[in-house]
Amino acid sequence: MDPRSRAPLRNALLVYAAWTAATYLLEGLPGTLVRPEAVGLRIFYALVANLAIGIVLPLWLVGQMVRGGLASPEDFGFSGWRRTLAGVLGGVAVGYGLFHLAQTEPVHPLAVVNAFAQVWVVSVAEIVVCWGLVASTVRIALRGWHRAGAIVVASAVASVLFGIYHFAHSAPFNQVGMVVFLSGIGLATSLWWFASRDVYGTTVFHNFFGVIGVLAALKAGGLVPERPELAAPLIVTALVALVAVAWPGIAWIRRLRSARP
């Protein structure tokens, strides 16, 4: 292991632990994601657990590692616009295809939009913490290894931690069988992450899994309205999360890269 990566790796795991604890306190205990009427609580959970601890804090750590010369922005999933465009378009095509195959009956388009916005901020945090921060830092720490071996280990660590994180969520996501299943979803996300090396495309791809899960939980509880209305607060929160992850990629981390000799 690269000695310089020990402290960053420890910090990455501490961020993961803090994010998981905040998720339990603000989502798992009150059952936030399966209560459509709890808009205010969902927004508070999104802002504190995911935006502040799950996006801003880990991206700040990424910036510190880039500034310190430990790795490049590309190592953390921030690359050029061509790779991002390809990743996003691929994420939309494959993600929506999987979502469509998972539906056994028609779903109102607004219900899909609301679910996509509801889980978007969570998905951004999941990708940033588990893959953008932890998986990338693990792979950097294993630079002395064969590249394929380092990627396998980083993928396994990120996928297992992603599954364990769901013990902090509300039912049914906190059940053992579901956690094991979600670790498998994590492996699919790891494959997409290391193939695309793009945080944005991976988030789009991964978010469709969240939409499938949330809609299934709402359907099981009979909580999907026949004529849903657009949940404007959720849309706004999703846009804020998008800006939070796009800003460093466009104006901060890339600026650090261009400043390097």
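Residues numbered from 1 in each chain as written. Predicted model: local features only at pLDDT ≥ 70, side-chain atom pairs only at ≥ 80, totals over all residues. Heavy atoms only, no water.

**Q** Help me understand unusual backbone geometry in this model?
**A** Residues apart from glycine generally show negative phi values, whereas peptide bonds are mostly found in trans. Pro 172 follows Ala 171 through a cis peptide bond whose omega is 5 degrees. Looking at the element boundaries, Pro 172 is found in the loop between helix 5 (147-165) and helix 6 (176-196). Despite not being glycine, Arg 197 has its phi angle at roughly 50 degrees, a positive value. Positionally, Arg 197 belongs in the loop between helix 6 and helix 7 (199-220). Judged by relative accessible area, Arg 197 falls into the partly exposed class, the value being 37%. (Helix = DSSP H or I, 4+ residues; strand = E, 2+ residues; numbered from the N terminus. Buried < 20%, exposed > 50% of the residue type's maximum accessible area, 1.4 Å probe, protein only.)

**Q** How should helix 6 be read in this particular structure?
**A** Every α-helix winds through 3.6 residues per turn, so residues three or four apart in the chain are directed the same way. The first and last C-alpha atoms of helix 6 sit 30 Å apart over 21 residues, in line with the 30 Å expected at 1.5 Å per residue. Residues of helix 6 that are buried include every one of Val 179, Leu 182, Ser 183, Ile 185, Gly 186, Thr 189, Ser 190, Trp 192, Trp 193, Phe 194 and Ser 196, and no others. For helix 6, the elements touching its buried residues are helix 3 (81-102), helix 4 (109-141), helix 5 and helix 7. Of the residues flanking the end of helix 6, it is Arg 197, one or two places downstream, whose phi is positive at about 50 degrees. (Expected span 1.5 Å × (residues − 1). Contact = heavy atoms within 4.5 Å.)

**Q** Just checking my understanding: could you explain the nonpolar core for this structure?
**A** Core analysis: the largest hydrophobic core is formed by 70 residues, its most contacted members being Tyr 16, Trp 19, Ile 55, Phe 76, Trp 131, Leu 133 and Val 199. Counting residues per element, the ones that place at least two in this core are helix 1 (6-28), helix 2 (39-67), helix 4, helix 5, helix 6, helix 7 and helix 8 (232-259). It is helix 4 that provides the largest number of residues to this core, a total of 19 residues. Not counting the four nearest positions on each side in its chain, Val 199 is found in contact with Gly 77, Phe 78, Ile 127, Val 128 and Trp 193. (Core = buried A, V, L, I, M, F, W, Y, C linked by side-chain atoms within 4.5 Å.)

**Q** I'm lost on the side chain of Thr 202 in this one. Help?
**A** Among the structural elements, Thr 202 can be located in helix 7. There is a polar contact of 2.7 Å between the side chain of Thr 202 and the backbone oxygen of Asp 198. (Polar contact = N/O pair within 3.5 Å; in protein donor to acceptor, adjacent residues only side chain to side chain.)

**Q** Explanation requested: the packing of aromatic side chains in the structure shown.
**A** By convention here, two paired aromatic rings are described through the distance between centres and the angle between planes. All told, the structure shown has 10 aromatic pairs when counted by the stated rule. With a centroid separation of 4.4 Å and an interplanar angle of 5 degrees, the aromatic rings of Trp 192 and Phe 205 are classed as stacked. Separated by 13 residues along the polypeptide, Trp 192 in helix 6 and Phe 205 in helix 7 bring together distant segments of the chain. A relative accessible area of 5% means that Phe 205 is categorised as buried. The interplanar angle of 90 degrees and the centroid separation of 5.3 Å between the aromatic rings of Phe 205 and Phe 209 together place this pair among those described as edge-to-face. Of this pair, Phe 205 and Phe 209 both sit in helix 7, separated by four residues, roughly a single helical turn. Of the two residues examined, Phe 205 and Phe 209, each falls in the buried class. By the ring-pair criterion, three or more aromatic residues cluster together here, those being Tyr 96, Phe 99, Phe 116, Trp 120 and Phe 208. (Phe/Tyr/Trp six-rings, centres within 6.5 Å; stacked < 30°, edge-to-face > 60°.)

**Q** Teacher, can you tell me more about helix 5 here?
**A** In a regular helix each residue adds 1.5 Å, so 19 residues correspond to 27 Å; helix 5 covers 27 Å between its end C-alpha atoms and thus fits that length. On its buried face, helix 5 is in contact with helix 1, helix 2, helix 4, helix 6 and helix 7.

**Q** Help me understand the packing of helix 1 against helix 2 in this model?
**A** Packed helices, taken two at a time, are described by the angle between their axes plus the distance between the axes. One way to put it is that helix 1 packs onto helix 2 with a least axis distance of 9 Å and a crossing angle of 175 degrees. Regarding the angle of helix 1 to helix 2, the classification is roughly antiparallel. Every residue of helix 2 that contacts helix 1 at Pro 8, Asn 11, Val 15, Ala 18, Trp 19, Ala 22, Thr 23, Leu 26 and Glu 27 is listed here: Leu 41, Phe 44, Tyr 45, Val 48, Ala 49, Asn 50, Ile 53, Gly 54, Leu 57, Pro 58, Leu 61 and Met 65. For the contact of helix 1 with helix 2, the residue count by class is 16 nonpolar, four polar and one charged. (Axes fitted to C-alpha atoms, helices over the stretch in contact; angles between N-to-C directions. Parallel < 35°, antiparallel > 145°, perpendicular 65-115°, else oblique. Nonpolar A, V, L, I, M, F, W, Y, C, P; charged D, E, K, R; others polar.)

**Q** How do you make sense of the pattern of salt bridges when you look at a structure like this?
**A** Any two side chains of opposite charge can pair, given that their charged atoms come close. Going through the model one piece at a time under the given rule, you end up with two salt bridges. The closest approach of N and O atoms between Arg 139 and Asp 75, which form a salt bridge, is 3.1 Å. Separated by 64 residues along the polypeptide, Arg 139 in helix 4 and Asp 75 in the loop between helix 2 and helix 3 bring together distant segments of the chain. Between Arg 143 and Asp 75 there is a salt bridge, and its shortest N-O distance comes to 3.9 Å. With Arg 143 in the loop between helix 4 and helix 5 and Asp 75 in the loop between helix 2 and helix 3, this pair connects stretches of sequence that are 68 residues apart. (Salt bridge = Lys/Arg side-chain N within 4 Å of Asp/Glu carboxyl O.)

**Q** Would you mind showing me how to read the confidence of the model for the protein here?
**A** Predicted coordinates in regions of low pLDDT should not be interpreted in detail. Per-residue confidence for the protein gives a mean pLDDT of 87; residues scoring 70 or more make up 91%. Ranking the elements of the protein by mean pLDDT puts helix 8 last, at 76, and helix 5 first, at 96. (pLDDT = per-residue confidence, 0-100.)

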